[in-house]
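Listed below, chain by chain, are the residues.
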Amino acid sequence: MTKDELIKLLNGHEWNNVEFKKAQRGVPESAYETVSSFSNTGGGWLVFGIRDYDGHYEVAGVLEVDKVQNDFLSALRADNKVNHDIKVETELIDVEDKIVLAFRIPETPRQDKPIYLNGDIRRSFIRRGGCDQRCTMSEIERFLRDAAEERWDGQVFSYPLEEAFHRESIKWYRALFNERNPGHDESLSDQEFLRQWGYLIRKDEILQPTRASILLFGSPAAIHQMLPRPTLDVQWIPSNLGEPLPEVRWLDRMVFEDNLIITWRGLVTTYMQKAEKPFRIDPHTLLRNDAPPEYRVFREVAINLLIHQDYASHGFKAVIKFYRDVIQFWNPGDVFGNADNLLEPGEKEVRNPQIVAAFRRLGLCEQAGTGMRMVLNQWQALGHPEPEYDNDRSRKTFEIRLPLAKEQVTGEVTPPVTPPVTPPVTPPVTPPVTPPVKRLIDLIGEKGELGAGAIREALGLKDRTNVRNTYIVPALEAELIEYTIPEKPNSRLQKYRLTDKGKEWVKQNQAEK
């Protein structure tokens, strides 16, 4: 900190990363609370020799410079004051013959957090606004989880193996995995496959699932027992970001309470339906055939939202909000390491390494060190303002905002407009159709338009989630069926009918018989 920088701060106000103390002859106890808060949050400057007059700061000077400096630095090296050594940088600033002591308090590595006082972990502090606040127990628990060498997603989750997984999710994943990673043994059973990649662990002579395996492939019952909150909340809001919420808080909303594979597939299906101009997508991979920049950006940010959450924190859920002027992605989990290094190449430390690896094996997200750069570059190349992001250490959250170009901000709330592309010529319809989808296509072909309830009744099935994820969603993704009310996917009057592609499939199937 220079003299000019100090004067500028004094003429402004106390910032989030600066704290002033009078400390003329001794070190106040509150200074150590600031050390804890800066160490646990994003670091900052602690400045001695500044007097506060009703919110206005002036230089008073430290009168006993050597004593104050030695007492402060010695306390930071003593185990009875703070639980870890703090590597402080010191600067002496002369302002009109008055000495000011400025101490740069760095952020502590996650493995050493939380920094607390007097041997009492309850005396941990975080920096919020311009204040030092004592951590709640839940905040302390999050620090301890992040500090642990064993990541939360790699821990065993005790649950009966025969009831733990949604088989269709594993089937979908393995089909894409085999396509992307040729040479692996495709004859392995699902159990052998999950064990090979570390998603099943032998403990006490019994194979048990990891938390990552439940999050990725878990059955509804297993997911709900492990994660008592939604995996994702998606909202379409009829206003600009920052404006007062209208009387109708959202035009539409989808809350996902399923595993990450089902959530991702459902999110893409919804995104496709909401797009201002429809586009084609590979129903198997959920990758856009011609990979346009706007979809690639959305895919990268949305998947990062799913794979980097702090799922052990049950108080918050991930949220995507489509405003008129911006798409906001809010993540209950801050970025490990320095957020300023997000754009640098190379591997980054991640909260959920098993989940991240699972999505990278499918090519559904960029490799380490390239994702954020791609998002920033391609979004602006589309004519939109630069994306903004905020890594909030105090609340342990990460938010990224994709602002829309002004000419695209209208009264409607939709994802960014897809540039027009030449529609491909539809080849003869011979898609790989699973037995459940075949049953559904035959049923709708025979009965005509059917709602979800009528489909369950006709199939003799009661599990809504199973019918949607095994029958309806795959048929929608394969473009064999479509909504009768596409503009309102969640309408209680919603039904499903065959598309032209579906009718052609039925026709071909009947001819083969």
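Q: Help me understand unusual backbone geometry in this model?
A: Glycine aside, residues mostly have negative phi, and peptide bonds are mostly found in the trans state. For the peptide bond that leads from lysine 113 to proline 114, omega is 0°, which places it in the cis range. Mapping proline 114 onto the fold places it in the loop between strand E6 (98-105) and strand E7 (116-117). Look at alanine 23: it is not a glycine, yet its phi comes out positive at around 40°. Relative to the elements of secondary structure, alanine 23 occurs in the loop between strand E1 (18-21) and helix H2 (29-40). Phi is positive for aspartate 97, which is not a glycine, with a value near 65°. Along the chain, aspartate 97 falls in the loop between strand E5 (89-95) and E6. Accessibility expressed as a relative area gives 73% for aspartate 97, which makes it exposed.

Q: So what exactly am I meant to see when it comes to the pairing of E6 here?
A: For a regular strand, side-chain orientation follows a simple rule: the groups alternate between the two sheet faces. As judged from the five bridges shared by strand E2 (residues 44-48) and E6, these two strands associate in the antiparallel manner. Paired with glycine 44 across the two strands is isoleucine 105, which belongs to E6. Two elements, E5 and E6, share seven bridges in a ladder whose sense is antiparallel. Within E6, the position partnered with leucine 92 by the bridge is leucine 101.

Q: Any chance you could explain empty space enclosed by the protein here in plain terms?
A: Using a probe with the size of a water molecule, rolled over the atoms, empty space left in the structure can be pinpointed. All chains considered together, the criterion is met by two cavities of 30 Å³ or more. Approximately 70 Å³ is the volume attributed to the largest cavity. Along the walls of the largest cavity sit Arg145, Asp146, Arg151, Trp152, Asp153, Gln309, Asp310, Tyr311, Ala312, Arg351 and Asn352, which together make up its complete lining. Residue composition of the lining of the largest cavity, by class: three nonpolar, two polar and six charged.

Q: Before we go on, may I ask you to explain the environment of lysine 3 in this structure?
A: Its location among the elements puts lysine 3 in helix H1 (residues 3-10). Lysine 3 gets classed as partly exposed once you look at its relative accessible area, which sits at 39%. The spatial distance from the C-alpha of lysine 3 to the C-alpha of isoleucine 93 is 6.2 Å, given a sequence separation of 90 residues. Contact partners of lysine 3, with chain neighbours within four places excluded, come to Ile93, Asp94 and Val95.

Q: So what exactly am I meant to see when it comes to the packing of aromatic side chains here?
A: One pair of aromatic rings is described through two measures. These are the centre distance and the angle between the planes. One pass over the structure, following the stated rule, counts 20 aromatic pairs. For the pair phenylalanine 20 and tyrosine 57, a centre-to-centre distance of 5.0 Å together with 50° between the ring planes defines the contact as tilted. Linking phenylalanine 20 in strand E1 with tyrosine 57 in strand E4 (residues 56-59), this pair joins segments that are 37 residues apart in sequence. Residue classification places phenylalanine 20 among the buried positions, given a relative accessible area of 7%. Considering the side-chain rings of phenylalanine 177 and tryptophan 197, the 5.5 Å spacing of their centres and the 70° angle between planes classify their relative orientation as edge-to-face. With phenylalanine 177 in helix H5 (residues 167-180) and tryptophan 197 in the loop between helix H6 (190-196) and strand E10 (200-203), this residue pair connects regions lying 20 residues apart in the sequence. Residue tryptophan 197 is classed as partly exposed on the basis of its relative accessible area of 25%. Taken together, Tyr173, Phe177, Phe193, Trp197, Tyr199 and Phe217 form an aromatic cluster joined through their ring pairs.

Q: I tried to follow the sheet that holds strand E17 (residues 397-403) on my own but got confused; where do I start?
A: Pairing between sheet strands relies on hydrogen bonds along the backbone, with the strands arranged either parallel or antiparallel. Ordered by their spatial adjacency, six strands build an open sheet running E13-E12-E14-E15-E17-E16, and the pairing between neighbours is mixed. Bordering the open sheet on either side are strand E13 (252-256) and strand E16 (388-392), each of which pairs with just one other strand. In this sheet, adjacent strand axes meet at a mean angle of 10° when their direction is disregarded. Two elements, strand E15 (residues 326-331) and E17, share six bridges in a ladder whose sense is antiparallel. Within E17, the position partnered with isoleucine 327 by the bridge is leucine 402. Helix H9 (residues 260-274) rests against strand E12 (232-236), E13 and strand E14 (319-322) of the sheet, and its axis sits at about 165° to E13. Along the sheet, helix H10 (residues 293-307) contacts E12, E14, E15 and E17; its crossing angle with E15, the most-contacted strand, is approximately 25°.

Q: When you look at helix H14 (residues 452-459) in this model, what are you seeing that I'm missing?
A: Given 3.6 residues per helical turn, the α-helix brings residues three or four places apart onto the same face. Among the residues of H14, Ile455, Arg456 and Leu459 are the ones counted as buried. Projected onto a plane normal to the axis of H14, the buried residues spread over an arc of 95° and lie on a single side. Elements that come into contact with the buried residues of H14 comprise helix H13 (435-447), helix H15 (464-477) and strand E19 (496-498). Two residues or fewer past H14, glycine 460 is found with a positive phi of approximately 75°.

Thresholds applied
Residues numbered from 1 in each chain as written. Predicted model: local features only at pLDDT ≥ 70, side-chain atom pairs only at ≥ 80, totals over all residues. Heavy atoms only, no water. Helix = DSSP H or I, 4+ residues; strand = E, 2+ residues; numbered from the N terminus. Buried < 20%, exposed > 50% of the residue type's maximum accessible area, 1.4 Å probe, protein only. Pairing = 2+ DSSP bridges. 1 Å grid on protein atoms, 1.4 Å probe; cavity = no way out; pocket = protein on both sides within 12 Å on 5 of 7 lines; lining within 4 Å. Points joined across faces, edges and corners; volume = space filled by probe spheres on them. Nonpolar A, V, L, I, M, F, W, Y, C, P; charged D, E, K, R; others polar. Contact = heavy atoms within 4.5 Å. Phe/Tyr/Trp six-rings, centres within 6.5 Å; stacked < 30°, edge-to-face > 60°. Axes fitted to C-alpha atoms, helices over the stretch in contact; angles between N-to-C directions. Arc of directions from axis to C-beta.

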